[in-house]
Amino acid sequence: MNLKKVIGTGAFDLHIHTTASDGEYSPTDIVKKAKEAGIETIAITDHDTLAGIKEAEIAGSKLGVHIIPAIELSTKYKGKSVDILGYNIKTEAELTKTLRQMRQEREGRANRIIEKFNEIGFAITLDDIKQYSQGGVIARPHIAKAIVKKGYVSDYQTVFDDYLADGKPCAIEKMILSPQEGIALIQKAGGKAVLAHPVYIGDDELVRELITLGFDGIEVWHRSHLKEHREVYKAMAKEYDLLMTGGSDFHHDEHQLGQFGFEKEDGK
């Protein structure tokens, strides 16, 4: 199946991760890459942290790139992971308190995961992992990188598939918010709550159910959304009077800033 870019490089990208969570580039480097790509507005949407925003804003003010203060909150609903993008965060007190609790819980979770890996003969430590988290939120990708670096598994994806995915030997549940809690935190912080990459939920009826919980918007354009997905989510946005957003969900150079999806070429 041949695919072509839908938007190519646009003037905005509202879904970007940095080294403050599981991205490979610092906030400053992300702003530089956006400037080089001709992108005028970006949102820093790190997982469960606001830590990268200030650095990005400083770089953005120097380079003429507008930074939207944002976040991607992890929640769960009926057994499904539901990520919520929060845009234009203004007041951080209650959100920061919850994020601090989540951060502390994640470090405890990381220690429990390390113990499980040690039990099966993979000798890794918290320090091995922290060299990848660089002082930010410790996430499973950082653990996977440490495992690969130690030579216990040949590639990053296999660590997830065989050890860290739900039900696998080293899986430990993290602190879970409900979508309603996540939406409320974002809105209390003065922000807008947007359902991220709904195609990943894998059930459009469940997407419909979710967007009635108080979401302000839905991510229509995403690098994993084909044309048929975008049409479905556009229709939902119009039906429920929701904001429509788009972003690359950039983590590393296998993704492209400003690239919001592909579609099948006619007849291919």
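Please read these numbers as outputs of a predicted model, since none were measured by experiment.

A. Just the side chain of Ser-26, in detail. Structurally, the position occupied by Ser-26 is in the loop between strand E2 (12-16) and helix H1 (27-36). From its side chain, Ser-26 meets the backbone nitrogen of Asp-29 in a polar contact 3.1 Å long. In this structure Ser-26 touches Thr-18, Thr-19 and Glu-55, once residues within four positions along its chain are discounted.

B. Expanded view of the environment of Asn-118. When you line up the elements, Asn-118 lands in helix H3 (residues 93-119). In this structure, the C-alpha to C-alpha distance between Asn-118 and Lys-145, residues 27 residues apart in sequence, is 16 Å.

C. View of the confidence of the model for the protein chain. With 93% of its residues at a pLDDT of at least 70, the protein chain reaches an overall mean of 89. Below a pLDDT of 50 lies the segment residues 263-268, which in the model reaches 14 contacts outside its immediate sequence neighbourhood of four places, other chains included.

D. Inspection of the nonpolar core at higher detail. Formed by 43 residues in total, the largest nonpolar core has its most connected members in Ile-42, Leu-95, Leu-195, Leu-210 and Ile-218. Contact partners of Ile-42, with chain neighbours within four places excluded, come to Asp-13, Ile-16, Ile-30, Val-31, Ala-34, Val-65, His-66, Ile-67 and Ile-68. Phe-122, Ile-143, Ala-144 and Val-153 belong to the second largest nonpolar core, which has 20 residues in total.

E. Just helix H4 (residues 126-133), in detail. Of all the positions in H4, only Leu-126, Asp-128, Ile-129 and Ser-133 are classed as buried. What you see down the axis of H4 is that its buried residues fit within an arc of 155°, all on one side. Packing partners of the buried residues in H4 comprise H3 and helix H5 (140-150). Within two residues after H4, Gln-134 carries a phi angle of roughly 50°, on the positive side.

F. How the structure looks around the sheet that holds E2. Strand order in this open sheet of seven strands is E2-E3-E4-E5-E6-E7-E8, and the pairing throughout is mixed. Strand pairing shows two members of the sheet lacking a second neighbour, E2 and strand E8 (243-247), which therefore form its edges. Averaged over all pairs of adjacent strands, the angle between their axes in this sheet comes to 30°, without regard to strand direction. In the packing of helix H2 (residues 53-63) onto the sheet, contacts are made with strand E3 (41-44) and strand E4 (66-77), and the angle to E4 comes to roughly 155°. Those strands touched by helix H9 (residues 227-240) are strand E7 (217-222) and E8, and its axis lies near 160° from that of E7.

G. Layout of the environment of Ala-144. Mapped onto the fold, Ala-144 is located in helix H5. Relative accessible area serves as the criterion here: at 0%, Ala-144 is assigned to the buried category. Apart from residues no more than four positions distant in its own chain, Ala-144 is found in contact with Tyr-156, Val-159, Phe-160 and Leu-164.

H. Region of interest: the environment of Arg-223. For Arg-223, the location among the structural elements is in the loop between E7 and H9. Counting along the chain gives 39 residues from Arg-223 to Ala-184, while the straight-line C-alpha distance between them is 27 Å. A polar contact is formed between the side chain of Arg-223 and the backbone oxygen of Ser-248, at a distance of 2.7 Å. In terms of polar contacts, Arg-223 uses its side chain to reach the backbone carbonyl oxygen of Asp-249, at 3.1 Å.

I. Just the packing of aromatic side chains, in detail. Counted according to the given criterion, the structure contains six aromatic pairs. For the ring pair Phe-122 and Tyr-152, a centre distance of 4.8 Å and an interplane angle of 5° mean the geometry is stacked. One end of the pair, Phe-122, is in the loop between H3 and H4; the other, Tyr-152, is in the loop between H5 and helix H6 (156-164), with 30 residues separating them in the sequence. A relative accessible area of 9% places Phe-122 in the buried class. Grouping aromatic residues by their ring pairs yields a cluster made of Phe-117, Phe-122, Tyr-152 and Tyr-163. The side chain of Lys-33 reaches across the aromatic face of Tyr-25, ending 4.6 Å from its centre.

J. Just the packing of H1 against H2, in detail. Close contact between H1 and H2 brings their axes to 8 Å; oriented N to C, the two are set at 35°. Of the two elements, H1 crosses H2, and the hand of that crossing is right-handed. When H1 is examined against H2, the residues Pro-27, Thr-28, Val-31, Lys-32 and Lys-35 are found in contact with a partner set consisting of Glu-55, Ala-56, Ala-59, Gly-60 and Leu-63. Among the residues forming the contact of H1 with H2, the class breakdown is five nonpolar, two polar and three charged.

Conventions adopted
Residues numbered from 1 in each chain as written. Predicted model: local features only at pLDDT ≥ 70, side-chain atom pairs only at ≥ 80, totals over all residues. Heavy atoms only, no water. Helix = DSSP H or I, 4+ residues; strand = E, 2+ residues; numbered from the N terminus. Polar contact = N/O pair within 3.5 Å; in protein donor to acceptor, adjacent residues only side chain to side chain. Contact = heavy atoms within 4.5 Å. pLDDT = per-residue confidence, 0-100. Core = buried A, V, L, I, M, F, W, Y, C linked by side-chain atoms within 4.5 Å. Buried < 20%, exposed > 50% of the residue type's maximum accessible area, 1.4 Å probe, protein only. Arc of directions from axis to C-beta. Pairing = 2+ DSSP bridges. Axes fitted to C-alpha atoms, helices over the stretch in contact; angles between N-to-C directions. Phe/Tyr/Trp six-rings, centres within 6.5 Å; stacked < 30°, edge-to-face > 60°. Lys NZ or Arg CZ within 6 Å of the ring centre and 35° of its normal. Left-handed = near helix turned anticlockwise from the far one by under 90°. Nonpolar A, V, L, I, M, F, W, Y, C, P; charged D, E, K, R; others polar.

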